[in-house]
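Summary of structural features
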Amino acid sequence: MSEDATPNEPKNPLTEQEQKIISIEKRRWKYQGAKEQAVRSELGMSAVAYYQQLNRLIDNPRVIEQEPALTRRLREHRDSEV
């Protein structure tokens, strides 16, 4: 461990954009289209671009390390849709 690192800090922290995407995925959405509206307003990207980034994130070891339950659930959901 480096001198600057603390035991609770991840080695490779998520970027701000990655954190925002994960935050959106953790929320519960009451109305159809609310998530896509939040993606556009909070991240400034289309739903297609969001889901492309999300699919890359849930396979990323850094994200899996920090959010194992969420990434496992999202991968299982994605893989069951095929």
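None of these values were measured; they are calculated from a predicted model.

**A word on the overall build of the protein**
- Counting its secondary structure elements, the protein contains 5 helices and 0 strands.
- Element order for the protein, N to C, with α for helix and β for strand: α-α-α-α-α.
- Of all 82 residues assigned to the protein, the portion counted as buried reaches 27%.
- Put simply, 44% of the contacts in the protein that link residues at least 6 apart link residues at least 24 apart.
- Element-wise, carbon and sulfur atoms account for 48% of the exposed surface of the protein, whose accessible area totals about 6,200 Å².

**Focus on the pattern of salt bridges**
- In this structure the tally under the stated criterion is 7 salt bridges.
- Of the charged contacts in the structure, one is a salt bridge between K20 and E16, with a shortest N-O distance of 3.4 Å. Placement of both K20 and E16 in helix α1 (residues 16–26) is noted, with a separation of 4 residues, approximately one turn of the helix.
- Classification of K20 by relative accessible area gives partly exposed; the value is 34%.
- What makes E16 exposed here is its relative accessible area of 56%.
- Note that E67 is salt-bridged to K26, the shortest N-O span being 2.9 Å.

**Details of the packing of aromatic side chains**
- Under the criterion given, the structure shown has 1 aromatic pair.
- Seen from their ring centres, Y50 and Y51 are 5.1 Å apart, and the 80° between their planes marks the pair as edge-to-face.

**Some words on the environment of A47**
- Residue position: A47 is located in helix α3 (residues 47–57).
- Accessibility expressed as a relative area gives 25% for A47, which makes it partly exposed.
- For the pair formed by A47 and E36, sequence separation is 11 residues and the distance between their alpha carbons is 5.8 Å.

Calculation notes
Here the residue numbering is sequential within each chain, running from 1 through the sequence in written order. With the structure being a predicted model, the display of local features is reserved for residues of pLDDT at least 70 and the display and counting of side-chain atom pairs for 80 or more, all residues being used for whole-chain, interface and lining totals. As a rule here, side-chain values come from all non-hydrogen atoms in the structure, and water together with hydrogens is ignored. A run of H or I in DSSP counts as a helix once it spans at least four residues, and a run of E counts as a strand once it spans at least two, with each numbered from the N terminus. Type-normalised accessible area, obtained with a 1.4 Å probe on protein chains alone, sets the label of each residue: buried when under 20%, exposed when over 50%, and partly exposed for intermediate values. The contact criterion used throughout is that any non-hydrogen atoms of two residues lie within 4.5 Å. For accessible areas, the Shrake-Rupley method is used with a probe of radius 1.4 Å. Any residue's cover is judged against the shown protein chains and nothing else. The term salt bridge refers to a pairing of a side-chain nitrogen on Lys or Arg with a carboxyl oxygen on Asp or Glu at a separation within 4 Å. Only the six-membered ring of Trp is used, alongside the rings of Phe and Tyr, when aromatic pairs are assigned; centres must lie within 6.5 Å, and planes under 30 degrees apart are stacked while those over 60 apart are edge-to-face, with the rest tilted.

All we've got here are geometric facts, nothing functional implied.
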